[in-house]
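Remarks on the overall topology
The lines below spell out each chain.
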Amino acid sequence: MSDVVSDLTRPTAPATPPPRKTGGKRPGSGRIRFSATVVSIYVFAALFGPWLVRYDAVATSTPDRLLPPGSRLSDGSLAIFGTDDVGRDLLAQILQGARISIAVGVATLLLAGIIGVTIGVSAGYFGGWLDGVLMRLADIQLTFPSILLAIFIAALLGPSVVNVVIVLAISNWVTFARVARAQVLSTKGRDFVDATRTLGARTWHLIRRCILPACIAPILVVATVEIGSVILAEASLSFLGLGTPTSTPSWGVTISNGRNYLSDAWWISTIPGIALAVLVVSFGILGDALRDRFDPKLKNL
Amino acid sequence: MSTPTPPDEDAPLLSVRDLRVEFGTRAGVVTAVDGVSFDVRPGETLAILGESGSGKSVTSQAIMGILPKPAGRVVGGRIVYRGADLLTRPPAEVRKLRGTEMSMVFQDPLSSLNPVFRVGYQIGEMFRRHRGYSRSEAREAAIELMERVGIPAARQRVDDFPHQFSGGMRQRIMIAIALALDPTLLIADEPTTALDVTVQAQVMKLLTRLQREEGMAMILITHDLGVVASSADRVLMMYAGRVVETGDIREVYEYASHPYTKGLMASIPELDGRSDRLTPIKGSPPDLLDLPPGCSFHPRCPYARDVCVQDDPDLLHVESRPGTHRAACHFREEVLTDDRERV
């Protein structure tokens, strides 16, 4: 045991932590890398695809109807994924659809996240009757089958991209609220929150500086887990004609269009379906892997 | 030092009168602090001693307004700071005192710093928010403060996160934050309990040095009799939510007049090895939900008689001693003069 004076003058921890091993050592590295790559390809395609492959929702070309994948069009260009019942290029439609799907997914999560985190933090932080009311509201929300609720609201509001976002946000805020509330409850009893209060902090300052930063990691994990199901729900609504209007070519609309031609033009429904499945599965893997790495407590989500 | 009212040497800085704090639990209402009164004068150190559950931490939480809600609440008494009752003043006014006039150091330095912000930022936040410093001014002030509390290589470490520091260093950072705005009253709630023994001595030394330099008053809450002996002026012994003995530190240590204090003294090992066995206090602390009638110490007390079961003794002056030595025992004079270690 060294004496007091030398303890005072010597740093107690090494100035730089030992370099962390990179590579496949941490949980889920491989899965994260794989799924993140797939997701980025989709995002890239959604952002830049429609610039490269022009798509016009009202342009029709009757000579090019129902051409199988790999056919030459009448103007000489190659239709890699074939064409649909009015001769529109399927690749262009899918790229445009990726844009809609991802945009709707992100916007829904933002809206649901803002609503959910606000409600969850208020309920968890202030407690008492407010907690009771808000969480019972969440319970009631959960008892409705979300797709049924979505159909109901979509029928009231009519089909549009904004309405889809609203509908899906309403049926998805509960998870955010619950996770945020749980995180608040475990954080607000920690000493540093009391310590900040003894230094003269207001409630709003406590929430912003102590509570919210602690919520970020689990909320991001939840968002990644949820985005796949949101994209799938958007496609389902569009397939049922309650989501995006037919002039907006989301995947659900395209799949729905191709349903009548399944026997002689399988590609119209199948290819956007595969695109949808691959994206949803990738988000699922990414969400799982991120949860395993950053917040294993959420395993039962 | 900022003093809104002209300093008066005799007037207490903080005056707690008949404080009662209750906790609502599933099993019933617990009176964690029951009629506690004391004064803290400017510049002095008052030690509050007691075992777990004696109400010493709850007293400090009541003063700082951080009782766990909604379970705990102050049900009676006054906490007067410089003439203003903190319990009846508007919350916004009381909040302005926190951090600037009175601040607190917590028991566990591992959990009392915000894990997501850099330490320099957390120290500097005091200057930015209360004094309106710019970012760079606050950073310089934080580095200066880190050097003052003995953090080596402060300039290199100012941008580290709390988890990169050892427990002792984190407690120093906590002390730096608490002292940033030169408070007149510091409450230290078991500041060394979570630290290694060698580090304990360093941190205590630092606290008493800074206290002398700043001339601030300190309430030192602890269960460590050794920590108290070297740094406190006066002592307040608590048992089951009540004050059982109070007075100047030397006086209470050498002329203990309450059986509980005496028992604690007897349970400290002595360096001269007079006895090879320690003398513990018999029994265990009472259940606060079901306090014994009369004096709550009587089931463990070797001096207990019938009167102790019926009548709860008041905190009264020990007549045969000079000064302000008071004890809550019917037989305080007898306990004082009794040389036997009966406890």
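Residues numbered from 1 in each chain as written. Chains lettered and ligands numbered in written order. Predicted model: local features only at pLDDT ≥ 70, side-chain atom pairs only at ≥ 80, totals over all residues.

- Per an unreviewed UniProt entry, chain B goes by the name ABC transporter ATP-binding protein and belongs to Phytoactinopolyspora alkaliphila.
- Word for word, the UniProt comment on chain B under Subcellular location (unreviewed entry) is "Cell membrane".
- In its Sequence similarities (unreviewed entry) section, the UniProt record describing chain B reads: "Belongs to the ABC transporter superfamily." (UniProt positions renumbered as here; feature names shortened; annotations may be inferred.)

- An unreviewed UniProt entry lists chain A under the name ABC transporter permease, from Phytoactinopolyspora alkaliphila.
- Under the UniProt heading Sequence similarities (unreviewed entry), the entry covering chain A gives this text: "Belongs to the binding-protein-dependent transport system permease family."

Quick look at the overall build of chain A
- Across its full length, chain A carries 11 helices and two strands.
- Reading the helices (α) and strands (β) of chain A from amino to carboxyl end gives α-α-β-β-α-α-α-α-α-α-α-α-α.
- Split into buried and exposed, the 301 residues of chain A put 41% on the buried side. (Helix = DSSP H or I, 4+ residues; strand = E, 2+ residues; numbered from the N terminus. Buried ≥ 20, exposed ≤ 12 C-beta atoms within 10 Å, placed from the backbone.)

Structural notes on the UniProt feature "domain: ABC transporter" (unreviewed entry) in chain B
- UniProt records the feature "domain: ABC transporter" (unreviewed entry) for residues 16–265 of chain B in the present numbering.
- Here residues 16–265 of chain B is 39% helix and 27% strand, with 27 Å between the C-alpha atoms at its ends.

What to know about the sheet that holds strand β1 (residues 14–25) of chain B
Residues and elements named next belong to chain B.
- The strand order across the open sheet built from four strands is β2-β1-β4-β5, with neighbouring strands paired in antiparallel fashion. Whereas interior strands pair on both sides, the edge strands pair on one side only; in this sheet they are β2 (28–40) and β5 (84–85).
- Sheet topology places β1 next to β2; 10 bridges connect them, and they run antiparallel. Each bridged residue has a counterpart across the sheet, and for Leu19 the counterpart in β2 is Val36. (Pairing = 2+ DSSP bridges.)

Quick look at the confidence of the model for chain A
All names here are of chain A.
- Mean pLDDT for chain A: 83, with 88% of residues reaching 70 or above.
- When the criterion is pLDDT under 50, residues 1–15 qualifies, and its contacts beyond four places in sequence or with other chains add up to 20 contacts.
- This model gives residues 17–24 a pLDDT under 50, and the stretch forms three contacts once residues within four places in sequence are excluded. (pLDDT = per-residue confidence, 0-100. Contact = placed C-beta atoms within 7 Å.)

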